[in-house]
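# Structure at a glance
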Amino acid sequence: MAAPAPCTEFTGLRRASAAARPGRRGGNELCLAPFHRAAPRQHQRRRRGVKTVAAISEDLPRLAAPGKKGAAESGGRPEKVLMRAALTVRRKQKEDLKEAMAGHLDALWDMVGRSVALELISTKIHPRTKKPLQSGKASIKDWCQKRGVKGEHVVYTAEFMVDSDFGEPGAITVANRHHREFFLESIVVEGGLLCGPVHFACNSWVQTTRELPTKRVFFSNKPYLPSETPPGLRELRDKELKDLRGDGTGVRKLSDRIYDYATYNDLGNPDRGKEFIRPILGGKRIPYPRRCRTGRPPTDTNMLAESRVEKPHRIYVPRDEAFEELKQGAFSAGRLRAVLHTLIPSMIATISAETHSFQGFHHVDNLYKEGLRLKLGLQEHLFQKIPLVQKIQESSEGMLRYDTPSILSKDKFAWLRDDEFARQSVAGINPVNIARLTVFPPVSNLDPAIYGSPESSITEADIACQLNGLTVQQAMDQAKLFILDYHDVYLPFLDRINAIEGRKAYATRTILFLTQAGTLKPIAIELSLPPSQPGGPRTSKVLTPPSDATTNWLWMLAKAHVSSNDAGVHQLVNHWLRTHAIMEPFILAAHRRMSAMHPIFKLLHPHMRYTLEINALARQSLISADGVIESCFTPGPVSGEISATYYRNHWRFDLEGLPSDLIRRGVAVEDASQPHGIRLLIEDYPYANDGLLLWSAIRNWVESYVQLYYPDAGAVQCDDELQGWYHETVHVGHADVRDAPWWPALSTPADLASILTTLIWLASAQHAALNFGQYPLGGYVPNRPPLMRRLLPDPARDAAEYAAFMADPHRFFLNAMPGVLEATKFMAVVDTLSTHSPDEEYLGEGRDEPWTGDAAAVTAHAMFAADVRRAEETIERRNADQGRKNRCGAGVLPYELLAPSSPPGVTCRGVPNSISI
């Protein structure tokens, strides 16, 4: 046997040196070495693009010498060729006792023949039987011997003897006859192949044959449109998709890999009491996207409601959608912090009849300086009654202190200024609601027979002195007036919200003026309550910038109510509905209708990672009855209905792309002379400025990728899997709006590129802009209260309350804010949700081990990665440009939410590929 190619050691195998590694497509990248060395422990953050991939040297001997005639030509029996498979298995970094025992048992079973069995499937079929050529079974030989090998990755081998005319392996089956599942990262097959090594990117849990009697099938990384599928793979391609769809019945086990649809009928818990009943989201009455079906039985008291799985039990998602170990560890650590941060205030609230408010702004500051104990401002005797609290404080001191939010890092008092309040509408957590004002006074679209006069109470006299000498009409014509309009979102629900103890809200409108400096300033805030009788007059207050001490405090309270409205719309509509919930049907349909071999599935795959799991966790803990969203945000138990109302009345997939959304809101106009085809009317709009850079990079990447496989409209229209994916997404996943005329057609390569660009934008940049600033920019509750507990003081409504306000406005303001319990729970949760895990995959980063066998696609992705890097450099320059006052200036935070890269943790930057938190 010839000597192996030059190697360098790398994690339990040896990587071929650069000199020995051909650069051409199909050349070997790695060589298989003796696998007896313990692998060094991997770096805590596994860098994407340098994953361990096992492969085999080109010097593997072939029993049929190159150049010899095959069986068909020689007339004799075909000669035999040796092929070897190298499987890279990722082990858990931490095993409990049960798992360790199962590992030892697997090693013993392996010794007596109950091993992992593999079989190669050729792309060719037998000329007589018309069945795919198969290699015959081969077992992993070294599983038992490598039981003691250390390291995250272990590489195992299996050998096959096949006929010389076997052809190229297109699939491999794996039967796990052990006692527990294992995570298979990749397989590389080599030997007797003119095409060179064949790569299989698996990244999947392989269940035992006791849990899944059928063999697992993995396809090579070569992309095939359905019409181009090699004969030997056609039947397997169809069968795999059928298995993933299931039959729509039965309760799903955690080990299942079945993707199916259900309505949101699991948010409430009627068995717990009538106050926990929630309407079913999805259906004709309340339209909503579909979620992943679990098949759980109904509740005892409502046959239409699905029974719940409560923490810490896991809720079903298909096995490969669950968090990997690094992600799970980071998420669990965040949940531990959330538990600790919430536990002490909850326990104190339990034994104290009083609802605790912050006693001063210094108590809020102590959240970040001294931790939970001192920040509460409570009497020492309360702690003495709870010895557990004392023990937790002593043992977990570091975890009980909140990190200082970024919003306080450069100017502690910036949140008090009007210009900062307005700046956050274009560079904050929710920069997607500001719209151009084109009608004055603003007008409601609600039914006047129920909600009264549709016209706003704001008059020209209220704002004339704020317009730099312009009339209202002139200011509108010059695109100087903008609006944050939450009136119609909240007004139908205010009676129910304000009936909740400790919760008060208005339906707000805020008018903003664009100054000559390019910054915005609020010039009027309208606070409305619904009429006491249907169609009657509304109670409405209009406030303008203050002129004395009293109006200053009232203006601060009005801005706080606007921020509370904004926080609810941000969380329920823009964040949850328009990214998380909207994407789920597209993901379910992709797995059900497009093979892993499909080039479009390969394109979308990194943008679907972890989304089903995080959405399931949201249903379990965040958006459920009495969950975090209901507990901490203004809408409370009507949260789901507010989200569903927007979906029914306003959501349109064709307007979810960034340029279309900017045009819809009137903050941009089409302009072919501009780099992105539109011109912003607010030139210094950090979210839009940076977003357009990433939108263009994504669009160019998708268009170049689509062109590789779809040269014309016929290719798109004849792709049954592609058309099945889109049709099922619309007609099943978004069934309640399937007849809407605005759904884009899928007939041409341009149609396809547009749809895919929007999906990747929503999953990556749009979600990042709305998510990762939640704690850095919203963790200081006075800046952005998620709920309010008092209306503005009114001497006509409550003279005593107004007198208390006049006597101590500072205390009134703090008492209107969330209490200690609501604030700490909110802060703990958004801290977790703002965290990047160590295994995050960011936009434009190198893809995992050969994700495709198409060299042209790899080249196109490299160009995309370069575009993303250039975008990040541009963002850095913009943040240093003092002419951009909304992102650079004394005490002004830079806008980095769309800067693509990030280290782990809470960073207020970074654009992951997918909705993973």
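Residues numbered from 1 in each chain as written. Predicted model: local features only at pLDDT ≥ 70, side-chain atom pairs only at ≥ 80, totals over all residues. Heavy atoms only, no water.

### Side note on the overall build of the protein chain
Scanning the protein chain from N- to C-terminus turns up 29 helices and 22 strands. Relative to its 917 residues, the protein chain shows a buried fraction of 60%. Relative to all contacts within the protein chain whose residues are 6 or more apart in sequence, the contacts with residues 24 or more apart total 75%. When the accessible surface of the protein chain is split by element, carbon and sulfur atoms take 53% of a total near 36600 Å². (Helix = DSSP H or I, 4+ residues; strand = E, 2+ residues; numbered from the N terminus. Buried < 20%, exposed > 50% of the residue type's maximum accessible area, 1.4 Å probe, protein only. Contact = heavy atoms within 4.5 Å. Areas by Shrake-Rupley, 256 points an atom, 1.4 Å probe, with all protein chains shown as cover.)

### Quick word on the pattern of salt bridges
Enumeration over the complete set of coordinates arrives at 53 salt bridges. Of the charged contacts, one joins Asp256 and Arg252 as a salt bridge, the two residues approaching to 2.9 Å between their closest N and O atoms. The burial state of Asp256 is the same as that of Arg252; both residues are buried. One salt bridge in this structure joins Asp867 and Arg870, with 2.3 Å as the shortest N-O distance. With a gap of 3 residues between them, Asp867 and Arg870 both fall in helix H29 (residues 855-879), about one helical turn apart. You can call Arg870 partly exposed: its relative accessible area is 46%. The structure contains a network of salt bridges with shared partners spanning Asp266, Arg291, Arg296, Glu306 and Arg619. (Salt bridge = Lys/Arg side-chain N within 4 Å of Asp/Glu carboxyl O.)

### What to know about empty space enclosed by the protein
Enumeration according to the criterion identifies 15 cavities of 30 Å³ or more in this entry. Put simply, the largest cavity is a space of about 980 Å³. Every residue lining the largest cavity is counted, 44 residues in all, and those nearest its centre are Ala201, Cys202, Asn203, Phe601 and His605. Element by element, the count of residues in the lining of the largest cavity is highest for strand S10 (residues 198-206), at 5 residues. Along the lines of polarity and charge, the residues of the lining of the largest cavity split into 19 nonpolar, 9 polar and 16 charged. Estimates place the volume of the second largest cavity at around 280 Å³. Phe421, Gln424, Lys559, Ser563 and Asn783 are, among the 20 residues lining the second largest cavity, the residues nearest its centre. Where the lining of the second largest cavity is concerned, the elements lending two or more residues are helix H9 (418-427) and helix H15 (549-593). (1 Å grid on protein atoms, 1.4 Å probe; cavity = no way out; pocket = protein on both sides within 12 Å on 5 of 7 lines; lining within 4 Å. Points joined across faces, edges and corners; volume = space filled by probe spheres on them. Nonpolar A, V, L, I, M, F, W, Y, C, P; charged D, E, K, R; others polar.)

### Focus: the nonpolar core
Ranked by internal contacts, the top residues of the largest apolar core, which has 184 residues, are Leu662, Tyr685, Tyr687, Trp725 and Trp743. In terms of residue count, H15 provides more of this core than any other element does, 22 residues in total. Excluding residues within four positions of it along the chain, Tyr685 makes contact with Val426, Pro431, Ile434, Leu662, Arg665, Val667 and Leu680. (Core = buried A, V, L, I, M, F, W, Y, C linked by side-chain atoms within 4.5 Å.)

### Focus: helix H3 (residues 231-245)
Taken together, the buried positions of H3 are occupied by Gly232, Leu233, Leu236, Arg237, Glu240, Leu241, Leu244 and Arg245. On its buried face, H3 sits against strand S4 (116-125), strand S5 (132-134), strand S8 (169-176), strand S11 (216-219), H15 and helix H23 (720-733).

### Topic: the packing of H15 against helix H17 (residues 611-622)
Running from amino to carboxyl end, H15 crosses H17 at an angle of 125°, the nearest separation of the two axes being 10 Å. One element, H15, and the other, H17, form an angle in the oblique class. Where H15 crosses over H17, the handedness of that crossing is left-handed. From H15, Trp576, His580, Ala581, Glu584, Ile587 and Leu588 reach across to H17, where they touch Thr611, Leu612, Ile614, Asn615, Ala618 and Arg619. Considering only residue class, the contact of H15 with H17 consists of 7 nonpolar, 3 polar and 2 charged. (Axes fitted to C-alpha atoms, helices over the stretch in contact; angles between N-to-C directions. Parallel < 35°, antiparallel > 145°, perpendicular 65-115°, else oblique. Left-handed = near helix turned anticlockwise from the far one by under 90°.)

### Section: the environment of Phe633
Residue placement: Phe633 occurs in the loop between helix H18 (628-632) and helix H19 (639-649). Residue classification places Phe633 among the buried positions, given a relative accessible area of 3%. When the C-alpha positions of Phe633 and Val569 are compared, they lie 9.7 Å apart, and in sequence the two are 64 residues distant. Once residues lying within four places of it in the same chain are set aside, the contact partners of Phe633 are Arg503, Ala567, Gly568, Gln571, Val628, Pro786, Leu787 and Phe826.

### So, H29
Along its 25 residues, H29 runs 37 Å from first to last C-alpha, staying within 8% of the 36 Å computed at 1.5 Å per residue. One side-chain oxygen at the N-terminal end of H29 lies 3.0 Å from the backbone nitrogen of Ala856; it belongs to Asp854. (Expected span 1.5 Å × (residues − 1). Polar contact = N/O pair within 3.5 Å; in protein donor to acceptor, adjacent residues only side chain to side chain.)

### Examining the packing of aromatic side chains
One pass over the structure, following the stated rule, counts 29 aromatic pairs. Here Tyr264 and Trp576 contribute two aromatic rings whose centre-to-centre distance is 6.3 Å and whose plane-to-plane angle is 90°, an arrangement assigned as edge-to-face. In this pair, Tyr264 is assigned in the loop between strand S12 (261-262) and strand S13 (291-292) and Trp576 in helix H15, connecting sequence segments 312 residues apart. Across the pair, Trp576 and Tyr264 agree in class, each one buried. Taken together, the ring pairs in this structure connect Tyr264, Tyr288, Trp576, Phe586, Tyr647, Trp651, Phe653, Trp725, Tyr726, Trp742 and Trp743 into an aromatic cluster. Over the aromatic face of Phe276 sits the side chain of Arg272, whose NZ or CZ is 3.9 Å from the ring centroid. (Phe/Tyr/Trp six-rings, centres within 6.5 Å; stacked < 30°, edge-to-face > 60°. Lys NZ or Arg CZ within 6 Å of the ring centre and 35° of its normal.)

### With respect to the sheet that holds strand S18 (residues 539-543)
The strand order across the open sheet formed by 5 strands is S14-S15-S16-S17-S18, and the pairing between neighbours is antiparallel. With partners counted over all chains shown, the strands left at the sheet margins are strand S14 (435-436) and S18, one partner each. The pairing of strand S17 (residues 520-529) with S18 spans 5 bridges and is antiparallel. Residue pairing across strands places Ser528 opposite Ser540, the latter belonging to S18. Running at roughly 85° to S17, H9 makes contact with strand S15 (481-485), strand S16 (507-514) and S17 of the sheet. (Pairing = 2+ DSSP bridges.)

### Some remarks on the environment of His356
With respect to the helices and strands, the residue His356 is situated in the loop between helix H4 (325-351) and helix H5 (361-369). The exposure class assigned to His356 is buried, which follows from its relative accessible area of 14%. Measuring from C-alpha to C-alpha, the distance between His356 and Glu822 comes to 9.9 Å, with 466 residues separating the pair along the chain.

### A word on the sheet that holds strand S9 (residues 182-190)
Each strand in a sheet pairs with another by means of backbone hydrogen bonds, the pair being arranged parallel or else antiparallel. The antiparallel open sheet is built from 4 strands, whose spatial order is S7-S3-S9-S10. Pairing within the sheet leaves two strands with one partner each, and these edge strands are strand S7 (153-163) and S10. Going from strand to strand, the sheet's axes swing by 20° on average, the running direction of each strand aside. Note: S9 against S10, 7 bridges, orientation antiparallel. Among the inter-strand pairings, Leu184 is bridged to a residue of S10, identified as Ser204.

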